[in-house]
Amino acid sequence: MISPLKKSHVIENTAPLPAGWVRIHPTTALDDRPAGAGLICTGPRKEFLSRLVAGVDSAKEVVLVASFLLADKTLADAMLRAVERGVRVYALNSSEQRLSRATEADGDFDQRMIDEHKALLDRLAGKVLLRSAEHFHAKFLVADPRGETRGWISTANFNKALEDGVELGVELTRDEARALAAWFNHAFWCEAERELVEKGRLSTVAAPPATPAQPPVEIIPGTGKHSTSLRDAVMEMIRGAKRELLVSSYGLEENHPAVAVLVDLAKHGLKVTVLNRPRPACKAAIAALLAAGAKVLAHEKLHAKAIWADGRGLVMTANLAAQGLDEGFEVGVRLTGDRAEALRGVLMDWANRFPWHFQVGEQLSSGISEFCPAESALKDGVRKIAEEHIEKLPPITARDALKLDDAKQPGVAKLLASNGKVLARKLRVEWEVRPPQLPVNAKERRQQRTVTKPSKDGKPVETVESVPYEPPVYDAGKEVFVLLRRPEDIEPARKLADQLNARVVLK
Amino acid sequence: MHTIKLQRTITVRTFDALATVAIGRERPEWLAVARLAKDFGGEITADQVRRELLGGVSPVAGQRVIERCVALGLLEHAEPRQHSSPARLTALGNAALEQGEVFVPEERLWRFYYVDDDPLVVNRLLHVEPLNDGDAKAERQQMRAARDPGRRDKSQGDDCPARLRTDLGVGTAMASVVEGGPSFILRTPPQAGSLSNEESLTLHLDWPVEGQPQVRLTGQWERQAAGRRKQDPPPRPLVVNRLLETPSVLGGLTHPLVWMELVAYGARLDLTTLEDWRNRAGRLVLPKHFRDLHPPARNSFQDAVSVPEVPNGLPGALERIGGFDETKLTGVEVVPASDADAQQWAEWLLRESLTTYATPATLKESAAKTRARFSFHSPTLPSPEEMLRQAVAKPTDAKARFLLAPYDLGLWS
């Protein structure tokens, strides 16, 4: 008789997004051609990997390999070829305990990577002299530290990151490579905890028969149990920046002094650009940097650790975190002149092309396509921004069955303020207006009517009697209702309601 | 060099015969009389016994005590056939005082355990035991009944074996070799009896480097159940573990002499070679070729020499003490037999000492320690640089990393 009325309304979603990563570019393969001056980016062309392999293949006497994880088959094949040629190959890597903890703590670090790492160690056992320690995190390769020395520092682990990571490698000068070899020696003799003696069997390392020379920290700064020269170098670079700072780091720890200084400098107006990988672990540091005025961009595969400040550069293996700069075994190489300029070029290129931008309070209407809340990881937190979102609201009941159009529109403010749960530029709300029902406790009202009826003697007599309204009228509390029972009663009901100041309802 | 340990199996025979054997028993009352005699200078009178031991009873009682002690052999009359004369302490009385036992004679059927012939067994009669609980007469009858019916003189049984007859030590106190066995004195030797089974014991000759040789018998005899009643429990075996009197035949031998004879025999070397090395080294050593030594011996300079069974009558010092089972001499100090052996040996030791990462300084120290182990040769050991060159040439060698890693990783200079 009176059908519910379907209604809808379209509004622009002007609600601000919470803190999180906003996609500003599609994720595309980055250019991994050599950036010049010995700086190489990793990537699908495997340029850096090729150089490492060539370095091992041309080694005549000794190869030193350090990597938190070691799982690249091509590089391992080269190491084994070297062993077959009579070259001595030594390796440092992280301990199994540390790797297991990393798996638990870091969603980007999966068990498969560790399994590949272990499988490769089994291949190398008995051929490569390998030592490990919980804090070994440095990645580098040195060939022939005594002769035609060559060396590379890598921000990438020697695994698939050499191909699909956003990483940096630096070809070192001979002095740098030899200084790096000194770091290797010191870590091997003084900091290693276990030695791979045969497949699957690690023995505890005994005290060395002599103490190796201290590494020349003025050439290659590093962090180890005896030195924090890498941390010192990082702090000095950041603190000394006057014009611009470009920082790339996979890990950022809000409470670390390096991050604190970055925040402080950004607050004081220094142009600070931070490149990162969107991870919940960095949320607090990123938020602090953004709040201080830094520009924060990210890439799904970024793992490079580098700083450029006013024409000076540093590529290193440490994240801006205590576990790296303060407690790990980490190394870095200072870059000046062309090498620093090449680093700036790479970091600027990345800043221009990185797909994710950290924002707080971004408007959906600004054309963004994807968003990832800061507390989520990209792999399961990214949400597409839709053009329109249809939200079905609960039905509402009109006051009068004959005035459904007059029903009050439901509120959407709460919906818009739902903290980014509705990710659409337009919000279409749909609802239904239903006619009201007669309250269950309503009592029918009757009217007094004077009627003339013949008496016993046949004379007409006027009497007053109580009769129902037509359509019927009910009272409930102070409200009066006219009950609509048939379509043909619509007009009488409307008139009666007007007359009695009542509402038309259905049963 | 450790104790020489030799052993052989010896045969013990038994002979069952009537005899009077005095068995050592605890009889403090008779020992008290012997003690009194000793206290009175070796002689006592019946009156002294009466006063000192019997509380002043009649003199006849004192005389009876003395007569009993004479019968037991503890005392003898100073004047034969005069029972009233003072009595003297006998040698047996002295022995009884020393052992705290009185030898009480019993005439009955005994089983004599004896060794037929062995140069290291001084007292050939090892043990005696009574055969039955019956009286001597009944035992004689039993023995006759058991006698070989084919023998010519059925009334006498088997003659006492010659070895037993000549070496019985009649009148001498002897100790049984059986654990818990008695001391005993054979008062009247057996004349005829019955030869029975043979048993075996192990004779050990242990000769420590510092000290006297010791001869010991060990083993167990299963006792025969002859004459045992049905209700009696089976006889328990006799367990033997007794150090024997050192035989005089060992007096002419020395530990080094026996050691050299055994080593020469075991290592198939001339005794002269061993003697030359003993003179050169001032101690007993065995020259060995490097190739013949297993690694523990190369490391410790000590080896074990296996000595095959030594036959009876082997010429030399061992001839006097008889043959022995095969044995092993442990802790034998070995030395290189030649300069070439010493050179190989020292190089091997230096390589073996390389069990962890080394530097030139530690290698030189190891080489000096290795050289010092060769008192009679002067091996030349490779320098650290020469060792490194070998390691570089063979980097996959198991020991190479101990040199190569320090060299490659900044510890060499």
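Since this is a predicted model, take the numbers as computed values, not measurements.

**Student:** Before we move on, can you summarise the overall build of chain B with the specific residues and values?
**Tutor:** When helices and strands are tallied, chain B shows 13 helices and 15 strands. A compact globule built from 413 residues should have a C-alpha radius of gyration of about 22 Å, whereas chain B, at 34 Å, is more than 25% larger. A principal-axis box enclosing the C-alpha atoms of chain B has dimensions of 110 × 60 × 45 Å. Within chain B, buried positions represent 32% of all 413 residues. By sequence separation, contacts in chain B at least 24 residues apart represent 65% of the contacts at least 6 residues apart.

**Student:** Please give an account of the overall build of chain A that cites residues and values.
**Tutor:** When helices and strands are counted, chain A shows 14 helices and 28 strands. The globule rule puts the C-alpha radius of gyration for 507 residues at 23 Å, and the 37 Å found for chain A is more than 25% above it. By principal-axis analysis of the C-alpha atoms, chain A measures approximately 145 × 50 × 35 Å. Residues counted as buried form 43% of the 507 residues belonging to chain A.

**Student:** Give a detailed account of the pairing of strand E9 (residues 168-171) of chain A, specifying residues and quantitative values.
**Tutor:** All names here are of chain A. The alternating pattern of E9 places Leu168 and Val170 on one face and Gly169 and Glu171 on the opposite face, and all of these are buried. Relative to E9, strand E3 (residues 39-41) is paired through three bridges, and the arrangement is antiparallel. Each bridged residue has a counterpart across the sheet, and for Cys41 the counterpart in E9 is Leu168. Where strand E8 (residues 150-154) lies against E9, three bridges are found, and the strand directions are antiparallel. The residue bridging Ser154 from the neighbouring strand is Gly169, located in E9.

**Student:** Mind laying out the interface of chain A and chain B, listing which residues take part and the relevant values?
**Tutor:** The interface is formed by 15 residues belonging to chain A together with 14 residues belonging to chain B. Only strand E5 (88-94) and helix H6 (174-191) of chain A provide two or more residues apiece to the side of chain A that touches chain B. By residue number, the principal contributor to the side of chain A that touches chain B is H6(A), which donates four residues. Of the residues in the side of chain A that touches chain B, the class split is twelve nonpolar, two polar and one charged.

**Student:** Can you break down the nonpolar core residue by residue, with the values?
**Tutor:** Grouped together as the largest cluster of nonpolar side chains are 142 residues, with contacts concentrated most on A:Val63, A:Met79, A:Leu180 and A:Leu262. The element best represented in this core is H6(A), accounting for ten residues. When sequence neighbours within four positions are dropped, the list of residues in contact with A:Met79 reads A:Val56, A:Val63, A:Val65, A:Val89, A:Leu124 and A:Val128. Among the nonpolar cores identified, the runner-up in size contains 79 residues, and B:Ala37, B:Leu109, B:Leu125 and B:Leu318 belong to it.

**Student:** So what's going on with the sheet that holds strand E4 (residues 87-89) of chain B? Residues and values would help.
**Tutor:** All names here are of chain B. The strand order E2-E4-E3 describes an open sheet built from three strands, whose pairing is antiparallel. For this open sheet the edge positions go to strand E2 (43-44) and strand E3 (75-77), each flanked by a neighbour on one side alone. With two bridges connecting them, E2 and E4 associate as antiparallel partners. The partner of Glu43 across the bridge, within E4, is Arg88. Most of the contacts of helix H1 (residues 28-39) go to E4, to which it runs at about 90°, and overall it touches E2, E3 and E4.

**Student:** How would you sum up the domain arrangement of chain B? Please name residues and give values.
**Tutor:** On domain assignment, one finds that chain B holds domain 1 (7-22 + 103-246), domain 2 (27-100), domain 3 (255-337) and domain 4 (341-408). The centre of domain 2 of chain B, based on its C-alpha atoms, is set 83 Å off from the matching centre of domain 4 of chain B.

**Student:** Can you lay out the domain arrangement of chain A for me, pointing to particular residues and giving the numbers?
**Tutor:** All names here are of chain A. Taken domain by domain, chain A consists of domain 1 (5-19 + 361-434), domain 2 (27-354) and domain 3 (443-505). The centre of domain 1, based on its C-alpha atoms, is set 47 Å off from the matching centre of domain 3. On the side of domain 3, six residues touch domain 1, which itself brings four residues to the contact. When its residues are assigned to classes, the side of domain 1 that touches domain 3 shows two nonpolar, no polar and two charged.

**Student:** Mind laying out the sheet that holds strand E15 (residues 327-336) of chain B, listing which residues take part and the relevant values?
**Tutor:** All names here are of chain B. Pairing in this open sheet of three strands is mixed, and the strands run E13-E15-E14 from one edge to the other. Among the strands making up the open sheet, the edge pair consists of strand E13 (286-288) and strand E14 (302-307). Strand after strand, the sheet turns through a mean of 55° between neighbouring axes, direction not considered. Relative to E15, E14 runs antiparallel, the two sharing five bridges. Along E15, the bridge assignment pairs Asp303 with Val332. This element, helix H7 (residues 255-267), spans E13, E14 and E15 of the sheet and lies at about 80° to E14.

Parameters at a glance
- Residues numbered from 1 in each chain as written.
- Chains lettered and ligands numbered in written order.
- Predicted model: local features only at pLDDT ≥ 70, side-chain atom pairs only at ≥ 80, totals over all residues.
- Helix = DSSP H or I, 4+ residues; strand = E, 2+ residues; numbered from the N terminus.
- Rg over C-alpha atoms; globule rule 2.2 N^0.38 Å.
- Buried ≥ 20, exposed ≤ 12 C-beta atoms within 10 Å, placed from the backbone.
- Contact = placed C-beta atoms within 7 Å.
- Pairing = 2+ DSSP bridges.
- Nonpolar A, V, L, I, M, F, W, Y, C, P; charged D, E, K, R; others polar.
- Core = buried A, V, L, I, M, F, W, Y, C linked by C-beta atoms within 7 Å.
- Axes fitted to C-alpha atoms, helices over the stretch in contact; angles between N-to-C directions.
- Domains from an automatic or database assignment.

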